[in-house]
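# Architecture and fold: a report
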Amino acid sequence: VATCFNTRSLEGLEIHITAGPTREPLDPVRYISNHSSGKMGYALAEAAIDAGARVKLISGPVNLATPAHVERVSVTTAQDMLHASLEGLASCDIFIACAAVADYRPTSIAEHKIKKGNEEIMELHLVKNPDIVATVAASADKPFTIGFAAETRDVLSYAKDKLARKKLDMIIANDVSQTGIGFNSDENAVTLVTTTTQIDIPQTSKRQLAKQLIEQIALLYKQSK
Ligand code: CTP
Ligand code: CA
């Protein structure tokens, strides 16, 4: 029997979610990016709408339709994503950083297509991008701030380190060493970590996982108030 229920656990709340990869241009025809599909962030946006939230989705370039009722802001670079994330924070109750932000960008963008030279080795100079979720967590309007940690080893210890370093309220730890889950996949398994709790959510579809995450987030958000 298919049970269709709606808890409306986020009624009256506003959620901002970053999703997908960022793209860092090198010249007019090339960029540095990653394989993030955006599926987890989009699934969270849809689950948050179903739970009654107002949702702003700050999205890098992905091949996904915008879920119904979601306000989507399309961005390209990490710097664009930062600016879009800092806008409207005053009305944001919960911020979820699901995007796979490029850690570095080229120090400069060539005005014209870079030509192949005679040298066999080419060096690129990169500069660190701003940390979006840490900047949001450090803002005067700090919402309940949630990050993701995709790791291939020492998953929980790296995740806890990021929770503390970025001053997050929660981190969703994701072991991406196993194939078939996480990055660019349809399924995922995670551990939700706060300073006081640790909750395992076993492998399931990103859609189901998003529903479970949204219910846990709603609960922990309300406990924090
Ligand atoms: N994040 C962000 N801005 C960045 C880098 C990461 O907002 N410039 C966010 C991601 O969206 C995620 C969390 O920070 O929610 C952790 O991202 P991750 O790449 O795991 O952390 P880093 O601090 O970049 O560390 P590393 O890549 O070295 O593991
Ligand atoms: Ca990173």
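Residues numbered from 1 in each chain as written. Chains lettered and ligands numbered in written order. Predicted model: local features only at pLDDT ≥ 70, side-chain atom pairs only at ≥ 80, totals over all residues.

## Quick word on the confidence of the model for the chain
The cut-off we apply is this: pLDDT expresses, on a scale from 0 to 100, how confident the predictor is about each individual residue.
Of the residues in the chain, 95% reach a pLDDT of 70 or more, and the chain-wide mean stands at 94. As scored by the predictor, the complex reaches a pTM of 0.95 and an ipTM of 0.99.

## Some details on helix 4 (residues 155–165)
Put simply, the rule is: Residue burial is a threshold on neighbouring C-beta atoms within 10 Å of the residue's own C-beta, all placed from the backbone, with 20 or more meaning buried, 12 or fewer meaning exposed, and counts in between meaning partly exposed. Secondary structure elements are defined from DSSP: runs of H or I of at least 4 residues count as helices, runs of E of at least 2 residues count as strands, and each element is numbered from the N terminus. This arc corresponds to the set of directions leading from the helix axis out to the C-beta atoms. The contact criterion used is a C-beta to C-beta distance within 7 Å, with each C-beta placed from the backbone.
Every buried residue belonging to helix 4 is among Ala-159, Lys-162 and Leu-163, and all of these are buried. Angular distribution of buried residues about the axis of helix 4 spans 105°; they occupy a single face of the element. Within helix 4, the exposed residues directed more than 90 degrees away from the buried face are Ser-157, Ala-164 and Arg-165. Its buried side turned inward, helix 4 meets strand 9 (144–151), strand 10 (170–175) and strand 11 (187–193).

## Thoughts on the nonpolar core
Heads up, the condition is: Connectivity within a nonpolar core runs through C-beta atoms within 7 Å, and the core itself is a set of buried Ala, Val, Leu, Ile, Met, Phe, Trp, Tyr and Cys residues.
If you look at the biggest cluster of nonpolar residues, it comprises 58 residues, and the most contacted ones within it are Ile-17, Leu-44, Ala-48 and Ile-214. Not counting the four nearest positions on each side in its chain, Ile-17 is found in contact with Gly-41, Leu-44, Ala-45, Val-55, Leu-57, Ile-58, Ile-96 and Cys-98.

## What to know about the site of ligand 1
Going by this rule: Nearness here has a simple definition: the residue's C-beta atom, placed using the backbone, must lie within 6 Å of the molecule or strand. Only Asp, Glu, Lys and Arg are considered charged, only Ala, Val, Leu, Ile, Met, Phe, Trp, Tyr, Cys and Pro nonpolar, and every remaining residue, Gly among them, polar.
Inspection of the region around ligand 1 gives 15 residues, with Ala-97, Val-101, Ile-132, Val-133 and Gly-147 positioned closest. Of all the secondary structure elements, the ones that give two or more residues to the shell around ligand 1 are helix 3 (132–137) and strand 9. At 4 residues, strand 9 tops the list of elements feeding residues into the shell around ligand 1. Among the residues making up the shell around ligand 1, the classes are represented as 9 nonpolar, 3 polar and 3 charged.

## Quick look at the environment of Ile-172
Along the chain, Ile-172 falls in strand 10. Taking C-alpha positions, Ile-172 is 14 Å from Thr-18, a pair spaced 154 residues apart along the chain. Sequence-distant contacts of Ile-172, that is, excluding residues within four places in its chain, are made with Ile-146, Phe-148, Val-190, Leu-192 and Leu-213.

## Examining the sheet that holds strand 4 (residues 54–59)
Heads up, the condition is: What makes two strands pair is DSSP finding at least two bridges between them. Note on definitions: angles span 0 to 180 degrees between N-to-C directions of axes, and those axes are lines fitted to C-alpha atoms, for helices only across the stretch in contact.
With respect to topology, 8 strands assemble into an open sheet ordered 5-4-1-6-9-10-11-12, the strand pairing being mixed. Strand pairing shows two members of the sheet lacking a second neighbour, strand 5 (71–74) and strand 12 (198–205), which therefore form its edges. Sheet twist, expressed as the mean angle between neighbouring strand axes with direction ignored, is 20°. Alignment of strand 6 (residues 94–97) against strand 9, held across 4 bridges, turns out to be parallel. Across the sheet, residue Ala-97 finds its bridge partner in strand 9, namely Gly-147. Along the sheet face, helix 1 (residues 39–50) touches strand 1 (14–19), strand 4, strand 6 and strand 11 and points at about 165° away from the line of strand 1.

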